[in-house]
Amino acid sequence: MSTVQATNVTCPHCGRKNRVPVAAEGRPRCGNCKQPLPWTADAGDDDFTEVVERATVPVVVDLWATWCGPCRMVSPALEKVAADLAGEIKLVKVDIDKNPRLAQRFEVQAVPTLLVLDKGQTIARQAGAAPAPVLRRWVEQSIAGREPAGKG
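Now for a description of the structure that goes with this document. Small disclaimer: the values here were computed from a predicted structure and weren't measured. (Residues numbered from 1 in each chain as written. Predicted model: local features only at pLDDT ≥ 70, side-chain atom pairs only at ≥ 80, totals over all residues. Heavy atoms only, no water.)

### Section: the state of the cysteines
Inference 1: Summed over all chains, the structure comprises one disulfide.
Inference 2: Of all cysteine sulfurs in the structure, the one in Cys33 sits closest to Cys11, which takes part in no disulfide; the separation is 3.6 Å.
Inference 3: Exposure remark for Cys11: the relative accessible area of 2% places this residue in the buried category.
Inference 4: You can see Cys30 has no disulfide; the closest cysteine sulfur is in Cys14, sitting 3.6 Å from it.
Inference 5: For Cys30, a relative accessible area of 1% corresponds to the buried category. (Disulfide = S-S within 2.5 Å. Buried < 20%, exposed > 50% of the residue type's maximum accessible area, 1.4 Å probe, protein only.)

Here it is as structure tokens:
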């Protein structure tokens, strides 16, 4: 029983609005200019496997809470990283208060907790907020040694 959810993303290259599914294979591209689009989605206990673990690109998971000040500060930085690395990563946000099974599964002790998952496996983990340039370096270093899907 999977209903395809989508978010609207404005292309940073041409300004055209695109519907991007939260769960899909491949990498989203603008229907107009064909450039890679930033891929962001929300996930929870019930759809985490579909949205995150089946993704064909590395996924940065932001485990956050609405009451958390640093979480609100890191969110725009993560969105900038997702835009800068469009086509290379997917950003997925998980509200731990609404999704306690995921908070338990990933042993969240502090928020925000950031993970990089590749094919469902955690390849990097970091607790706390950081500015966009620091987060981008962390993500790039985390995915540098992996085998890129579909290349070769």
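There's plenty left to go through after this.
### Re the packing of helix α2 (residues 69–84) against helix α4 (residues 132–144)
Inference 1: Contact pair α2 / α4: the axes reach a minimum separation of 9 Å and the direction vectors enclose 50°. Between α2 and α4, the crossing angle belongs to the class labelled oblique. Judged by the twist between their axes, the crossing of α2 over α4 is right-handed. Contacts between α2 and α4 pair Val74, Ala77, Leu78, Lys80, Val81 and Asp84 from the former with Ala132, Leu135, Arg136 and Val139 from the latter.
Inference 2: Classifying every residue of the contact of α2 with α4 by side-chain character gives seven nonpolar, no polar and three charged. (Axes fitted to C-alpha atoms, helices over the stretch in contact; angles between N-to-C directions. Helix = DSSP H or I, 4+ residues; strand = E, 2+ residues; numbered from the N terminus. Parallel < 35°, antiparallel > 145°, perpendicular 65-115°, else oblique. Left-handed = near helix turned anticlockwise from the far one by under 90°. Contact = heavy atoms within 4.5 Å. Nonpolar A, V, L, I, M, F, W, Y, C, P; charged D, E, K, R; others polar.)

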